Amino acid sequence: AEEMGRLWGDDCMSFVDVTILSARLQEAVNLFPLNRAAKSPARGTVFLATLEDEQHSLGLSVVAKTLANTGWTVEMPPTYRLTEASLSLLRSRHFDAFGLSIGRSDHIGKAKKTIRKVRSISLNPFIRVAVGGAVINRSLEGSDGFNPDLVLTPGMDVATAFAAFQPDDEMA
């Protein structure tokens, strides 16, 4: 997907080509079986989303599938995008973790505000926050005050990284 973006940026692929290939990649992700906790104990609950004006959700779909297959209960907005309506779930239900996908470096400021908002409104006062996405793959320049609990980078084992977010028996 990243290479496809580079090719589009270099005018080697058309918008139509990128759109068709993106849809096929999403279909491929959806074909992976969901083996919910058949082999894994319950780990916790996580809410995953992109920023409201984000266009890319393929990586988030892969993370969601990976976490669900390792015992996490995963919730996502229907459009993947975090809206005021989807924030109401964070106010009314307990989530152990919140994951935010950031696709553009100019969204870092919005991401900071979103993280602060999630922490302030969450029913869980100890909610853990993870971030990942294309912008993380490049850099976090100008990211002073950017304070997630976990930054997911390329090649990181998501299930192992999220293991630190599992609720303690005493806190559950």
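A brief look at the structure comes next. (Residues numbered from 1 in each chain as written. Predicted model: local features only at pLDDT ≥ 70, side-chain atom pairs only at ≥ 80, totals over all residues. Heavy atoms only, no water.)

## Focus: helix H4 (residues 84-92)
Okay, step 1: Among all positions in H4, only Ser 86, Leu 87 and Leu 90 are buried. End-on view of H4: buried residues confined to an arc of 105°, all on one side of the axis. (Buried < 20%, exposed > 50% of the residue type's maximum accessible area, 1.4 Å probe, protein only. Helix = DSSP H or I, 4+ residues; strand = E, 2+ residues; numbered from the N terminus. Arc of directions from axis to C-beta.)

## A look at the nonpolar core
Okay, step 1: Among the nonpolar cores identified, the biggest contains 20 residues, and Phe 47, Leu 90, Phe 98, Leu 100 and Ile 102 are the most heavily contacted of them.
Okay, step 2: Looking at this core, the elements that each hand over two or more residues are strand E1 (44-50), H4, strand E3 (97-101), helix H5 (108-121), strand E4 (128-132) and helix H6 (134-138).
Okay, step 3: For this core, the element with the highest residue contribution is H5, accounting for 5 residues.
Okay, step 4: Apart from the residues lying within four places of it in its own chain, the contact partners of Leu 100 are Ala 49, Thr 50, Leu 51, Ala 111, Thr 114, Ala 130, Val 131 and Gly 132.
Okay, step 5: Residues Leu 48, Leu 67, Ala 97 and Phe 165 belong to the second largest nonpolar core, which totals 17 residues. (Core = buried A, V, L, I, M, F, W, Y, C linked by side-chain atoms within 4.5 Å. Contact = heavy atoms within 4.5 Å.)

## Digging into the sheet that holds E3
Okay, step 1: Taken in spatial order, the 5 strands make up an open sheet running E2-E1-E3-E4-E5, and their pairing is parallel. The open sheet is flanked by strand E2 (72-75) and strand E5 (150-151), the only strands paired with a single partner.
Okay, step 2: Inspection of the sheet shows E3 paired to E4 by 5 bridges, in the parallel sense. For Phe 98, the partnering residue across the bridge sits in E4 and is Val 129. (Pairing = 2+ DSSP bridges.)

## Regarding the side chain of His 107
Okay, step 1: Inspection of the secondary structure assignment puts His 107 in the loop between E3 and H5.
Okay, step 2: Side-chain polar atoms of His 107 contact the side chain of Glu 54, separated by 3.3 Å.
Okay, step 3: Among residues more than four places away in sequence, those in contact with His 107 are Leu 51, Asp 53, Glu 54 and Ile 102. (Polar contact = N/O pair within 3.5 Å; in protein donor to acceptor, adjacent residues only side chain to side chain.)

Purely geometric numbers; function is a separate question.
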